[in-house]
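# Summary of the model geometry
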Amino acid sequence: MLANKTNGRASNSWTLPITLLPWLFISMAVTDSRYLPEFERPLPNQTVTLGAEAVLSCHVAHLGGYKVGWIKSDSKAIQAIHTHVITHNTRISVRHFGHSVWQLVIADVQREDEGLFMCQINTDPMKSQVAYLRVVVPPEIEPTDSGTNDVMTSEGSSIKLGCKAKGDPAPTVRWHREDGEDITMRTVNGERLRFATYEGETLSLIRISRLDMGVYVCTASNGIPPAASRRIAVNINFNPVINVPNQLIWSTQGNNFTMECNVEAFPRSVNYWIRGDGELIISGSKFGVSEVRDSIFASRMALTVHSFEKSDIGKYRCIAKNSLGEVEGRIHVYESNSWPAARATTRRSIDYSEDLEEANNGLDHHHQHRQQHQQRRQQQDHEVDERNDVEDEDEIHQQGDGSLILSMAPPGRDTLHYQLTTTERSLWRSGSRSGSSALASPWLPLFSSAAFTSLLCLVPSFPRFIPFCRYI
């Protein structure tokens, strides 16, 4: 009886584990499927500048005993498995933070690193996600064939400035002047176009002038810093030119005054002052010589005379000389109370100033103003002549033989022709006032001496026409 009870207890103690065993296996199966590795977030694409570091991050949950691997999809090359680098590329390494963040690091990224990269978990079936690594290249300006960025040319010629750039994406090239002035481009038709900035790899400058001289900057950009730029200095050679603002100066005793000459030249000219026939002027107690540069090719010469006296009266010359030529400007100095005595010299100075202004390519507008004044004066003189003609027609008188003669013919006119023409017009006007004279006036030229002489010349030819008279 006791043995039966004991066997009954033993059977009951094994019954519970046996009945719970299927549920235990089911629970373990559910637990395993619930905690399989999975990706917590997508693998983002990367855009990296050439030479920088690229980091691809793969976020995994419940990795457990599984492992993470990296593969370059386009070449099928295994980069790393778990913490071990498989590829022989020394620029590649792996790192992780716990078991949830696994990173593939590529140092000093090159163009060949661009492509698809796969993060893979060795489950069955395999789990993976892919990201694209884009390698961008900042702009770079290619060197010139000449190896220099300076351009030397002569005024009036045409040049082309080149700025070829490369990069990924393809860069855009823009030009501007370093001094802030507009870029002037001339067409073959002579039209001028002005640009604050000009876009294009080639900048064409046609019929270049001294005003186009300066530093041109081309900048290449594609949105990937840093942008690339190049400075090109354009130098234009031309002969010196001098413009004298005041060529005649009057001063009083003891007064100080300054003479100025504006010089334009490139290469830079040597500038100095000469007094009289050849005395070189240098700075001192009597004279002060100075020069101010306004631009790369323009400067202002100044000569100051202290305590003016009679010995300072005379001719002064400002001279500019460079490798292309030499030019001078003249200034005449007078004492202010000697104006009547200096009028003849002043006239010659003005004539010289006109020639100088023409040689200076119209830089001084006084000569143009004077020409316009002369044209208006000639037009006024012409109008006066026409009015005098009308008045002279009325100033006629009758001689004893009845012919009408002008009392005076205007200068430069043919007197005989002018008398005949005026007589005919006068007779016509007088004949229009009296009816009988009006009828006779058209026949008056036939009875003049010139008409009578013409008829006598035709008499010898009359016999030739007699046979034809019977047909009349």
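Residues numbered from 1 in each chain as written. Predicted model: local features only at pLDDT ≥ 70, side-chain atom pairs only at ≥ 80, totals over all residues. Heavy atoms only, no water.

Here we come to the overall build of the chain. Counting secondary structure elements, the chain contains seven helices and 30 strands. In the chain, which comprises 472 residues, the proportion classed as buried is 32%. Sequence-distant contacts in the chain: of pairs separated by 6 or more residues, those separated by 24 or more amount to 60%. Element-wise, carbon and sulfur atoms account for 56% of the exposed surface of the chain, whose accessible area totals about 29800 Å². (Helix = DSSP H or I, 4+ residues; strand = E, 2+ residues; numbered from the N terminus. Buried < 20%, exposed > 50% of the residue type's maximum accessible area, 1.4 Å probe, protein only. Contact = heavy atoms within 4.5 Å. Areas by Shrake-Rupley, 256 points an atom, 1.4 Å probe, with all protein chains shown as cover.)

Time to look at the pattern of salt bridges. A complete count under the given rule lists 19 salt bridges for this structure. Put simply, Arg-210 and Glu-155 hold a salt bridge, and the shortest N to O gap is 3.0 Å. Note that Arg-210 is positioned in the loop between strand E18 (202-205) and strand E19 (214-221) and Glu-155 in the loop between strand E11 (150-154) and strand E12 (159-162), a separation of 55 residues in sequence. With a relative accessible area of 31%, Glu-155 lands in the partly exposed category. Of the charged contacts, one joins Arg-177 and Asp-179 as a salt bridge, the two residues approaching to 2.9 Å between their closest N and O atoms. On the basis of relative accessible area, Arg-177 is assigned to the buried category, the value being 7%. Note on Asp-179: relative accessible area 45%, which makes it partly exposed. (Salt bridge = Lys/Arg side-chain N within 4 Å of Asp/Glu carboxyl O.)

It is worth spelling out the sheet that holds strand E27 (residues 314-322) at this point. Reading across from one edge, E21-E28-E27-E23-E24 is the order of the five strands in this open sheet, with mixed pairing throughout. Of all strands in the sheet, those with a lone pairing partner are strand E21 (248-251) and strand E24 (279-281), marking the two edges. On average, each strand axis in the sheet is tilted by 30° relative to the strand beside it, whichever way the strands run. Pairing geometry for E21 and strand E28 (residues 325-335), over four bridges, is parallel. (Pairing = 2+ DSSP bridges. Axes fitted to C-alpha atoms, helices over the stretch in contact; angles between N-to-C directions.)

In total, this model carries three disulfides according to the counting rule given. At a sulfur-sulfur separation of 2.0 Å, the disulfide partner of Cys-261 is Cys-318. On the sign convention where negative means left-handed, the S-S torsion of about -85° between Cys-261 and Cys-318 marks this disulfide as left-handed. Here the residue Cys-261 occupies a position in strand E22 (residues 257-266), and Cys-318 occupies one in strand E27, the gap between them amounting to 57 residues. Accessibility expressed as a relative area gives 0% for Cys-261, which makes it buried. (Disulfide = S-S within 2.5 Å.)

On to the packing of aromatic side chains, then. For the coordinates displayed, the defined rule picks out five aromatic pairs. With a centroid separation of 5.7 Å and an interplanar angle of 65°, the aromatic rings of Phe-257 and Phe-308 are classed as edge-to-face. With Phe-257 in strand E22 and Phe-308 in the loop between strand E26 (298-305) and E27, the pair connects residues that are 51 residues apart, well separated along the chain. Judged by relative accessible area, which is 1%, Phe-308 ranks as buried. (Phe/Tyr/Trp six-rings, centres within 6.5 Å; stacked < 30°, edge-to-face > 60°.)

Turning next to unusual backbone geometry. Note: most residues except glycine have negative phi, and most peptide bonds are trans. Between Asp-124 and Pro-125 the backbone carries a cis peptide bond, its omega angle lying at 5°. Here the residue pair Phe-266 and Pro-267 is connected by a cis peptide bond, since its omega of 5° sits within 30 degrees of zero. With respect to the secondary-structure elements, Pro-267 resides in the loop between E22 and strand E23 (270-275). Phi angles above zero are rare outside glycine, and His-82 is one such case at about 60°. Along the chain, His-82 turns up in the loop between strand E5 (77-81) and strand E6 (84-85).

Within the open sheet, the four strands sit side by side as E1-E3-E8-E7. Their pairing is antiparallel. The sheet is open, and its two edges are formed by strand E1 (38-39) and strand E7 (92-97), each paired on a single side.

We now examine the nonpolar core. Nonpolar side chains in soluble globular proteins tend to be buried together. Core analysis: the biggest nonpolar cluster contains 24 residues, and Leu-161, Trp-175, Leu-203, Leu-205 and Tyr-216 have the highest contact counts within it. Of all the secondary structure elements, the ones that give two or more residues to this core are E12, strand E14 (172-177), strand E15 (183-186), E18, E19 and strand E20 (228-243). For this core, the leading source of residues is E20, giving five residues. In this structure, Ala-54, Leu-63, Phe-117 and Leu-133 belong to the second largest nonpolar core, which totals 21 residues. (Core = buried A, V, L, I, M, F, W, Y, C linked by side-chain atoms within 4.5 Å.)

Turning to the pairing of E5, a few remarks are in order. Where strand E4 (residues 68-72) and E5 come together, four bridges link them in antiparallel fashion. Note that in E5 the partner of Gly-69 across the bridge is Ile-81. Between E4 and E5, which pair antiparallel and follow one another directly, the connecting turn spans four residues, one of which, Lys-76, has a positive phi of 60°. Alignment of E5 against E6, held across two bridges, turns out to be antiparallel. Among the inter-strand pairings, Ile-81 is bridged to a residue of E6, identified as His-84.

With that settled, the discussion passes to the confidence of the model for the chain. Mean pLDDT over the chain stands at 76; residues scoring 70 or higher make up 64%. The low-confidence segment residues 340-367 (pLDDT under 50) makes 36 contacts with residues lying over four places distant or belonging to another chain. Within the model, pLDDT remains below 50 along residues 461-472, and this stretch shows zero contacts once partners closer than five positions in the same chain are excluded. (pLDDT = per-residue confidence, 0-100.)

A few words now on the environment of His-332. Summarising the element assignment, His-332 is placed in strand E28. Considering only alpha carbons, one finds His-332 and Ile-313, 19 residues apart in sequence, at a separation of 7.7 Å.

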